[in-house]
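Residues per chain are reported as follows:
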Amino acid sequence: MGINGVEEAVVALKLKAASNWWHDVNDSPLWQDRIFHILAALYGLVAAVALVQLIRIQLRVPEYGWTTQKVFHFLNFLVNGVRGLVFVFRRDVQNLHPEIVQHILLDMPSLAFFTTYALLVLFWAEIYYQARAVSTDGLRPSFFTINAVVYIIQIAMWLILWWKYIPVLVILSKVFFAGVSLFAALGFLLYGGRLFLMLQRFPVESKGRRKKLQEVGYVTTICFSCFLVRCIMMCFNAFDKAAGLDVLDHPVLNLIYYLLVEILPSSLVLFILRKLPPKRGITQYHPIR
């Protein structure tokens, strides 16, 4: 055997060892539980951060009601808290029947995650149109209508699957959510990009403007990327069993997926948007209408 043959044999052995490691971890109930508990702990940590920030905002401006900022942090707390509980009881969830109950418990937090970050797109759209002296009266009704349509379609598919399990409808449900994720990614690209360009053209140079420009740029990039990755992964999940996320024996894939599309983006966005609103009397602070 020549030098090239030896090198090829070494590479083949390394690939086989890596493949065996992947399968050994995926097939081990111990590693499955460890990875799911790690995910539960990370979600719990993000939920705790969101709750602490919500309390800090309430203590800072208690005279206002449910502002957009408060609702955003509350939804973050809710989504991450529920997701954490699902992973704590992941093995019990997998044993629930009918099977559609598993899909609901695993997918409902994803829908709520979409609503949470769609609220951020709404907030930016309002700022953008108000700065251009354009009416924003239709934005909130559009936000509620879009969310209502998404939830109604998804719940209708769940009800049909509850009545009769149709494999094609399971695939359609995943493709639908991939489309919803792509829609959210484009929303961030459209309004985050518009707001970023508008702030960039703003004539007054100040520290506040630079910080807001960085904030919008970072959050837009993070959220666009996470929803785009979710869209791509959901397409693979729909058509390739090896990329299945709703099963116990793919814990490594679950760890990578949820880190990339929920835990890491939520953590970064909460950190970037950590600034508290100004106290009353310094500037106006509008409650959500």
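Residues numbered from 1 in each chain as written. Predicted model: local features only at pLDDT ≥ 70, side-chain atom pairs only at ≥ 80, totals over all residues. Heavy atoms only, no water.

## Considering the overall build of the protein
Across its full length, the protein holds nine helices and zero strands. By residue count, 43% of the 289 residues in the protein fall in the buried class. Within the protein, counting contacts between residues at least 6 apart in sequence, those at least 24 apart form 76% of the total. For the protein, the computed accessible surface area is about 16000 Å², with 70% contributed by carbon and sulfur atoms. (Helix = DSSP H or I, 4+ residues; strand = E, 2+ residues; numbered from the N terminus. Buried < 20%, exposed > 50% of the residue type's maximum accessible area, 1.4 Å probe, protein only. Contact = heavy atoms within 4.5 Å. Areas by Shrake-Rupley, 256 points an atom, 1.4 Å probe, with all protein chains shown as cover.)

## Some thoughts on the packing of helix 5 (residues 99-131) against helix 7 (residues 167-200)
As a packed pair, helix 5 and helix 7 sit with axes 9 Å apart at the nearest point and diverge in direction by 25°. Classified by the angle their axes make, helix 5 and helix 7 are roughly parallel. Where helix 5 crosses over helix 7, the handedness of that crossing is left-handed. Residues belonging to the contact of helix 5 with helix 7 are distributed by class as follows: 20 nonpolar, four polar and one charged. (Axes fitted to C-alpha atoms, helices over the stretch in contact; angles between N-to-C directions. Parallel < 35°, antiparallel > 145°, perpendicular 65-115°, else oblique. Left-handed = near helix turned anticlockwise from the far one by under 90°. Nonpolar A, V, L, I, M, F, W, Y, C, P; charged D, E, K, R; others polar.)

## A short note on the UniProt feature "transmembrane region" (unreviewed entry) in the protein
If you check UniProt for "transmembrane region" (unreviewed entry), the listed places come out as residues 35-59, 71-90, 110-129, 141-163, 175-197, 218-239 and 255-273 in our numbering. End C-alpha atoms of residues 110-129 are separated by 29 Å, and the span's content is 100% helix alongside 0% strand. Secondary structure within residues 175-197 divides into 100% helix and 0% strand; the distance between the first and last C-alpha atoms comes to 32 Å. (UniProt positions renumbered as here; feature names shortened; annotations may be inferred.)

## Description of helix 6 (residues 139-163)
The end-to-end C-alpha distance of helix 6, which contains 25 residues, comes to 36 Å, matching closely the 36 Å that a straight helix rising 1.5 Å per residue would cover. Among all positions of helix 6, only Leu-139, Arg-140, Phe-143, Asn-147, Val-150, Gln-154, Met-157, Trp-158 and Leu-161 are buried. Contacts from the buried residues of helix 6 go to helix 3 (68-88), helix 5 and helix 7. (Expected span 1.5 Å × (residues − 1).)

## Concerning the nonpolar core
The biggest cluster of nonpolar side chains holds 66 residues, and the ones touching the most others in it are Phe-72, Tyr-117, Leu-120, Phe-188, Val-219, Phe-227 and Val-269. Examining the composition of this core, we find that 14 residues originate from one element, helix 5, more than from any other. (Core = buried A, V, L, I, M, F, W, Y, C linked by side-chain atoms within 4.5 Å.)

## Overview of the packing of helix 3 against helix 5
Put simply, helix 3 and helix 5 touch, their axes get as near as 9 Å, and they point 165° apart. Of the possible angle classes, the one that applies to helix 3 and helix 5 is roughly antiparallel. In this structure, the crossing between helix 3 and helix 5 has a hand that is left-handed. Taking contact as the criterion, the partners of Thr-68, Val-71, Phe-72, Leu-75, Asn-76, Val-79, Val-82, Arg-83 and Val-86 in helix 3 are, on helix 5, Leu-105, Leu-106, Pro-109, Ser-110, Ala-112, Phe-113, Thr-115, Thr-116, Tyr-117, Leu-119, Leu-120 and Phe-123. Its residues assigned to classes, the contact of helix 3 with helix 5 comprises 15 nonpolar, five polar and one charged.

## Structural notes on helix 5
The end-to-end C-alpha distance of helix 5 is 49 Å, a good match for the 48 Å that 33 residues give at a rise of 1.5 Å each. The axis of helix 5 is deflected most strongly, by about 30°, at Asp-107, and proline Pro-109 appears within four residues downstream. (Bend = angle between axes of the 7 residues up to and from the residue.)

## Quick word on the packing of aromatic side chains
Under the defined criterion, the tally for this structure stands at 15 aromatic pairs. Ring centres 5.3 Å apart and planes at 85° place the aromatic pair Phe-72 and Tyr-117 in the edge-to-face group. With Phe-72 in helix 3 and Tyr-117 in helix 5, the pair connects residues that are 45 residues apart, well separated along the chain. By the burial criterion, Phe-72 is buried, and Tyr-117 matches it. (Phe/Tyr/Trp six-rings, centres within 6.5 Å; stacked < 30°, edge-to-face > 60°.)

## Some remarks on the pattern of salt bridges
By the definition in use, this model includes five salt bridges. A salt bridge links Glu-262 to Arg-83; the nearest nitrogen and oxygen atoms lie 2.8 Å apart. Here Glu-262 is found in helix 9 (residues 251-272), whereas its partner Arg-83 is found in helix 3, with 179 residues between them in sequence. Accessibility assignment for this pair places Glu-262 and Arg-83 in one class, buried. Ionic pairing is found between Arg-140 and Glu-126, a salt bridge with its closest N-O pair at 2.9 Å. Highlighted residues: Arg-140 in helix 6 and Glu-126 in helix 5, separated in sequence by 14 residues. The burial state of Arg-140 is the same as that of Glu-126; both residues are buried. (Salt bridge = Lys/Arg side-chain N within 4 Å of Asp/Glu carboxyl O.)

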